[in-house]
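Here is what each chain is made of, one letter per residue.
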Amino acid sequence: MNTNASEQAINDAQLNLQLNDLAERYVRLSLRVGQHSEYFVDAYYGPDSWRPHSISDPLSSIEEQCCALIRLLETLPVSASSNLCQRQQFLTIQSKALLYYIEQLQGKTSTYQQECERLYDANVPSYDAVHFDAILHQLEQLVPGEGELNQRIAQYREQFIVPPEKLSQVFDVAISEARERTLKHVELPDCESFDVQLTNNQVWSAYNWYKGNSYSLIELNTDHPIFIERVIDLAAHEGYPGHHVFNALIEKHLVNERGWLEYSIYNLYSPVSLLAEGSANYGIEVAFPWDERLMFEQEVLFPLAGLNPSGAEQYYEIQRVLHQLSYADNLIAQQWMDDEIDDEQAIKLLMKYALNSEERAGQRLSFIKHNRAYVMTYNYGQDLVKAYLAEQVKGDSNDALWRAFTALLATPKTASMMVSASSS
Ligand SMILES: [Zn+2]
């Protein structure tokens, strides 16, 4: 090692120690914010001694401490090491979003666009009604039956409901297939495991609660019928290679191996969610490319659920088109957040453009009210992760795609980091 290189190594070691200290501040502040907002801290498995043991500081004091943290992060020297540079950048972006959330908790109002940018670090495209009308027109041709499209869809989809008594078994088979496919490409800790529990009365359809030590509790909401396509979607999204794998890789590589404890906390309303939801959604396609998925559905899942596999191909063609309507949720969230429409109009639009029944539209509106701009992390996150990986992997090798996908999960990037990596 020459003098310059050894000096660099010493500087980096010092910088890493400084970042450890700032990471602790970030975690402690996030936990304090969690005392003011029940769902904010989605997972935490760092040191127990960092949990606040007293009544929380007022938000104004947490805000001051967060501003001080950001100032310190911004005065640190920039490392030549790409790992450290990425650590610094990620922690700074997460801390700025934390500050914005603290401001919101104190009453700051935000438009949809501001929330996308400031809370999720994302510059999200928007589509207008004309865009969705064209997709609806396509569906008019595809979906059998007569009458209003949302009713036709509802009627057509009934034959694809997984009978409740078969749900656990069908889901178990899907999750072991998703796990097997993932383990061929991703090295996971030996002890990784999960449990699945059925629940109800929730605004979400499924949830992964990551508990640390490579363990997840996956909950499935049985308030509404579960359609067959949701089985693989949920197995991959919540489990393999989705949230469970993402969290297990972060814990293994960043928290345990490097001691970067800022990653031991997951703040739900923050930039990391865009990658979490986006990669969990795109991971479905990575683990189950279209033809393979269709074959597995027809040969295994449909018979197991007692459904007729002959209708699978048409059903999945329709699902593909329906998926393009997912951005309608963003438009409706934007209009509702920006006071352009009220609840009643939002429900009407959810029935028209997301083709929900009135009851489902009501449930979806509750989700939007609860999570606001978070809704775009699923579809925009998916598109961004897909575009970023396409840029990393030239050609169509599935192995190379898995490698790039795993690398992204193990060293997370926020939206602006993915966009600037793609354009540089
Ligand atoms: Zn998710």
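Position labels on residues start from 1 in each chain and follow its written sequence. Residues qualify for local features only when their pLDDT is at least 70, as the model is predicted, and side-chain atom pairs are given and counted only at 80 or more; totals for whole chains, interfaces and linings, by contrast, use all residues.

Moving on, we come to the nonpolar core. Of all hydrophobic cores here, the largest spans 110 residues; its most connected members are Ala174, Val231, Ala235, Ile332, Leu350 and Ala373. Numbered from the N terminus, helices here are DSSP runs of H or I no shorter than four residues, and strands are runs of E no shorter than two. Among the elements that make up this core, the one with the highest residue count is helix 10 (residues 272–287) (nine residues). Domain extents, as shown, originate in an automatic or database domain assignment. Two domains each donate at least three residues to this core, and these are domain 1 (3–108) and domain 2 (140–423). What Ile332 contacts, discounting residues up to four positions off in sequence, is Ala346, Leu349, Leu350 and Ile368. Joining buried Ala, Val, Leu, Ile, Met, Phe, Trp, Tyr and Cys residues through C-beta atoms within 7 Å gives a set, and that set is a nonpolar core. With C-beta atoms placed from the backbone, a residue is buried if 20 or more other C-beta atoms are within 10 Å of its own, exposed if 12 or fewer are, and partly exposed between those counts. What counts as a contact is two residues whose backbone-derived C-beta atoms lie within 7 Å of each other.

Following the sequence through the fold, Gln94 ends up in helix 3 (residues 82–105). Under the C-beta neighbour-count criterion, Gln94 is labelled buried, with 23 such atoms within 10 Å. In the structure, Gln94 is positioned 320 residues away from Thr414 in sequence and 8.6 Å away in space, judged by C-alpha atoms. If we skip the residues at most four places from it in the chain, Gln94 touches Tyr26, Ser270, Pro271 and Val272.

Time to look at the confidence of the model for the protein chain. In this model, the protein chain carries a mean pLDDT of 93, and residues with pLDDT of at least 70 account for 99%. When mean pLDDT is compared element by element in the protein chain, helix 4 (residues 112–120) scores highest at 98, while strand 2 (residues 193–199) scores lowest at 87. pLDDT gives the predictor's per-residue confidence on a scale running from 0 to 100.

Moving on: the domain arrangement of the protein chain. Taken domain by domain, the protein chain consists of domain 1 (3–108) and domain 2 (140–423). Computed over C-alpha atoms only, the centres of domain 1 and domain 2 are separated by 29 Å. At the junction of the two partners, domain 1 supplies 24 residues and domain 2 supplies 21 residues. For the side of domain 1 that touches domain 2, the secondary structure elements donating two or more residues are helix 1 (3–36), strand 1 (41–44) and helix 3.

To continue, consider unusual backbone geometry. The amide bond that connects Tyr240 to the next residue, Pro241, takes the cis arrangement and shows omega of 0 degrees. Within the secondary structure, Pro241 sits in the loop between helix 8 (228–239) and helix 9 (243–257). Here the phi dihedral of Asn213 falls at roughly 55 degrees; this positive angle occurs in a residue that is not glycine. Checked against the element boundaries, Asn213 lands in the loop between strand 3 (206–212) and strand 4 (215–221). By the C-beta count within 10 Å, which is 13 here, Asn213 ends up partly exposed. With phi around 60 degrees, Asp339 is a residue other than glycine that occupies positive phi space. With respect to the secondary-structure elements, Asp339 resides in the loop between helix 13 (327–337) and helix 14 (343–353).

The geometry of a pair of packed helices is captured by two quantities: the angle between their axes and the separation between those axes. Helix axes are fitted only over the stretch in contact, all axes being lines through C-alpha atoms; the angle between N-to-C directions runs from 0 to 180 degrees. Contact geometry for helix 13 and helix 14: axes closest at 10 Å, N-to-C directions at 170 degrees. In this view, helix 13 runs roughly antiparallel relative to helix 14, as classed from their interaxial angle. Here Ala328, Ile332 and Trp336 of helix 13 come into contact with helix 14, specifically with Ala346, Leu349, Leu350 and Tyr353. Partitioning the contact of helix 13 with helix 14 into residue classes produces seven nonpolar, no polar and no charged. In this scheme, roughly parallel covers angles under 35 degrees and roughly antiparallel covers those over 145, while 65 to 115 is roughly perpendicular and the rest are oblique. Side-chain classes follow a simple rule in which Ala, Val, Leu, Ile, Met, Phe, Trp, Tyr, Cys and Pro form the nonpolar group, Asp, Glu, Lys and Arg form the charged group, and the remainder, Gly included, forms the polar group.

A separate point is the environment of Leu254. Structurally, Leu254 can be placed in helix 9. Since 21 C-beta atoms lie within 10 Å of it, Leu254 is described here as buried. Not counting the four nearest positions on each side in its chain, Leu254 is found in contact with Trp260 and Tyr263.

A word on the sheet that holds strand 2. Two strands make a pair as long as DSSP finds a minimum of two bridges between them. Ordered by their spatial adjacency, three strands build an open sheet running 2-4-3, and the pairing between neighbours is mixed. Each of the sheet's edge strands pairs with one partner strand only, and the pair in question is strand 2 and strand 3. For this sheet, the mean inter-axis angle between neighbouring strands, taken without regard to orientation, is 20 degrees. Bridge count for strand 3 against strand 4 is six bridges, and the pairing is antiparallel. Paired with Gly212 across the strands is Tyr215, a residue of strand 4. The strands touched by helix 9 within the sheet are strand 2, strand 3 and strand 4, with strand 3 carrying the most contacts at an inclination of about 20 degrees.

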